[in-house]
Amino acid sequence: MARRKDKLSLGAFLLFTGHHVAAWRSKDASDSQTLQDFVQFARLAEDAKFDAVFLADQVGVKIDRLNAASRKAHTGVYPFEPLTLLSALSAVTSRIGLVATVSTSYNEPFNVARQFASLDRLSGGRAGWNLVTSTDASAALNFNHDGLIPHADRYARAEEFADVVNGLWDSWEEGAFLRDRADGRYFDPAKLHVLDHRGRHFKVRGPLNIPPAPQGRPVYVQAGSSEDGRAFAARFAEAIFTAHQTLASAQEFYADIKRQARALDRNPDHVKILPGISPFIGSTQAEADRLQEEFNDLIQPEYSLVQLRQMLGLDLSGFDLDGPFPRHLIETDGARGVASRFKLVVDIVDREKPTIRQLIQRLAGARGHWVIAGPPEKIADNIQTWFENGAADGFNVMPPWLPGGFDLFAEHVVPILRKRGLFREEYSGKTLREHYGLERPASLYSHQVQAIA
């Protein structure tokens, strides 16, 4: 395999009880309801020299009061709002990046720009924003909408949203705040930029009422893999969290994103592709398989069928779980057909011809992300293969359960990756940009400054 000069990036995706849908039922999983639980997780990831901890978020609760199946998982109930939690974690960590998910669908650019600039300052330059568009209809009902915002409209709003946030983060040049007591000058007006944005979705005057963030701008992370999502990521993202089941699928996505970034005059090396991986680790293959089976035995099929209905728009509650999956019932027309997770599930059905039970077990591990079971060497081999063969710049590690699932990866897989020269021994930088090997972004107004000079 061809050797790469750069190092593998690793993120720790912390979902309180773990990523397996039935993790909360395991005796080995933490309830993870307190700040101290997350402090423990974050410090474990920092001790292992991970690039970042990553927090998901939802702003709707997926509960149908008439459907008992929907009450068999947390369904979007999280113990903390992610920016609040990461602000607390910034005080008890010193190097690891802090990435929070915040939707552009149901927020305002000024608030988001201010919150992430604050987190970047609190953490000394370790903030990252996982910019998403909300696909949950239950969230829309909490924000003055009667239903889900159409797919194309969500991305149009997101593009304008990101442009506004960029402009707000560039409100103040470095050195703008003089605080000259003798002359009585607090700031230099020549280094202030008022955005005065007026667009289709937003009217934002600015400037941002927070000094420049240590990184210039927090790191942009993005998680969409549809055609609109890819185009958006190629333009804005500096790290992309994506779901793939096969090496070939990951390679196609990787090449496409790098190509689109290059076409936009971006350095493709500054767009990090980070697929999710959820590993069941045992000392032998048989032990790892048994561990995965133990978790799959805890699955409540009626809830998993609700999840499947949300992904595919197909109600299979009356079907034999051990019968063949009724592929002919899946409708690929309409908005659902362009969704990346929909396509991923359909690809599994077409490629593997599973029974319904096999499919829900396949998706239970990490909602469509890559689930792999085996001894540490096998996990490391697969990571290396993807990293060195144009499929990934690193991975977002999604422990099936916490804390044990992460402990096993950190204690047994990370040392192998280090021995092979693939992962860092120590942090070489202090900011998330430095961990990812990213440059400090140029201000939107830098060309104005150069012209004046």
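The rules we used
Residues numbered from 1 in each chain as written. Predicted model: local features only at pLDDT ≥ 70, side-chain atom pairs only at ≥ 80, totals over all residues. Heavy atoms only, no water. Helix = DSSP H or I, 4+ residues; strand = E, 2+ residues; numbered from the N terminus. Rg over C-alpha atoms; globule rule 2.2 N^0.38 Å. Buried < 20%, exposed > 50% of the residue type's maximum accessible area, 1.4 Å probe, protein only. Contact = heavy atoms within 4.5 Å. Areas by Shrake-Rupley, 256 points an atom, 1.4 Å probe, with all protein chains shown as cover. Lys, Arg positive; Asp, Glu negative; His and termini not counted. Charge placed at Lys NZ, Arg CZ, Asp CG, Glu CD. Axes fitted to C-alpha atoms, helices over the stretch in contact; angles between N-to-C directions. Parallel < 35°, antiparallel > 145°, perpendicular 65-115°, else oblique. Left-handed = near helix turned anticlockwise from the far one by under 90°. Nonpolar A, V, L, I, M, F, W, Y, C, P; charged D, E, K, R; others polar. Salt bridge = Lys/Arg side-chain N within 4 Å of Asp/Glu carboxyl O. pLDDT = per-residue confidence, 0-100. Core = buried A, V, L, I, M, F, W, Y, C linked by side-chain atoms within 4.5 Å. Expected span 1.5 Å × (residues − 1). Phe/Tyr/Trp six-rings, centres within 6.5 Å; stacked < 30°, edge-to-face > 60°.

*Asks:* How should I be thinking about the overall build of the protein in this particular structure?
*Replies:* A tally of regular secondary structure across the protein gives 15 helices and 13 strands. Compactness check: the protein gives a C-alpha radius of gyration of 22 Å against a globular reference of 22 Å for 453 residues, within 12% of the reference. Overall, the C-alpha framework of the protein stretches about 80 × 55 × 45 Å when taken along its three principal axes. Here the protein holds 453 residues, and the buried ones make up 55% of them. For the protein, long-range pairs separated by at least 24 residues make up 77% of all intrachain contacts whose partners lie at least 6 apart in sequence. Of the roughly 20100 Å² of accessible surface on the protein, 49% is carried by carbon and sulfur atoms. Here the protein carries 53 positive and 56 negative side-chain charges, and the mean point of each set is 3 Å from the other.

*Asks:* What am I meant to see in the packing of helix H12 (residues 376-388) against helix H13 (residues 404-419) here?
*Replies:* What describes two packed helices is the angle between their axes and the distance between those same axes. Packing of H12 against H13 leaves a shortest axis separation of 9 Å and a crossing angle of 50°. With respect to H13, the element H12 is oriented oblique. Crossing geometry of H12 relative to H13 is assigned as right-handed. Contact residues: H12 offers Pro376, Glu377, Ile379, Ala380 and Ile383, while H13 offers Phe409, His412, Val413, Ile416 and Leu417. Classifying every residue of the contact of H12 with H13 gives 8 nonpolar, 1 polar and 1 charged.

*Asks:* Please clarify how the pattern of salt bridges should be interpreted in this entry.
*Replies:* Close approach of charged atoms allows side chains of opposite charge to pair. Summed over the entire model, instances satisfying the criterion amount to 20 salt bridges. Lys49 is the partner of Glu426 in a salt bridge, and the nearest nitrogen-oxygen pair spans 3.3 Å. Residue Glu426 is found in the loop between H13 and helix H14 (432-436), and its partner Lys49 is found in the loop between helix H1 (35-47) and strand S2 (52-55); the two are separated by 377 residues along the sequence.

*Asks:* It is not clear to me how the confidence of the model for the protein should be interpreted in this structure. Could you clarify?
*Replies:* As a general rule, the predicted coordinates of low-pLDDT regions are not to be interpreted in detail. In the predicted model, the protein carries a mean pLDDT of 90, and the fraction of residues at 70 or more is 93%. Note on residues 449-453: pLDDT under 50 across the span, and 1 contact to partners over four residues away in sequence or across chains.

*Asks:* Mind showing me how you'd approach the nonpolar core here?
*Replies:* Looking at soluble globular proteins, one finds that nonpolar side chains tend to be buried together. In terms of nonpolar packing, the biggest core is built from 73 residues, with Leu10, Phe50, Trp129 and Phe409 touching the most fellow members. Among the elements that line this core, the one with the most residues is helix H5 (residues 151-169), at 8 residues. Apart from residues lying up to four places away in sequence, Phe409 is in contact with Leu10, Phe50, Pro279, Ile281, Ile379, Ile383, Val397 and Val414. Phe54, Leu274, Leu291 and Phe295 belong to the second-largest nonpolar core, a separate cluster that totals 24 residues.

*Asks:* Hey, could you run me through helix H8 (residues 285-296) in this one?
*Replies:* Think of an α-helix as 3.6 residues a turn; residues three or four steps apart then line up on the same face. Taking 1.5 Å per residue, 12 residues should reach 16 Å; H8 reaches 16 Å between its end C-alpha atoms and fits that length. Structurally, H8 contributes buried residues whose contacts are with strand S11 (272-281), helix H11 (356-364) and strand S12 (370-374).

*Asks:* Would you mind going over the packing of aromatic side chains with me for this structure?
*Replies:* Centre-to-centre distance and the angle between the planes together describe a pair of aromatic rings. Going through the model one piece at a time under the given rule, you end up with 27 aromatic pairs. With 4.8 Å between their ring centres and 35° between their planes, Phe232 and Phe236 make a pair best called tilted. Separated by 4 residues within a single helix, Phe232 and Phe236 lie in helix H6 (residues 227-236), roughly one turn from each other. Across this residue pair, the class does not change: Phe232 and Phe236 are buried. Aromatic pair Trp370 and Trp386: ring centres 4.1 Å apart, planes at 5°, arrangement stacked. Here Trp370, found in strand S12, pairs with Trp386, found in helix H12; they are 16 residues apart in sequence, far enough to count as distant. For the pair Trp370 and Trp386, one class covers both residues: buried. Chaining the aromatic ring pairs together yields one cluster made of Phe116, Trp129, Tyr155, Phe161, Trp169, Phe202, Tyr220, Phe232 and Phe236.

*Asks:* I keep staring at unusual backbone geometry and nothing clicks. Help me out?
*Replies:* Peptide bonds are, in most cases, trans, and in most cases residues other than glycine have a negative phi. Following Gly206, the chain continues into Pro207 via a peptide bond in cis, with omega recorded as 0°. With respect to the secondary-structure elements, Pro207 resides in the loop between strand S8 (203-204) and strand S9 (219-222). Backbone geometry places Asp265, a non-glycine residue, at a positive phi of 60°. Looking at the element boundaries, Asp265 is found in the loop between helix H7 (247-263) and S11.

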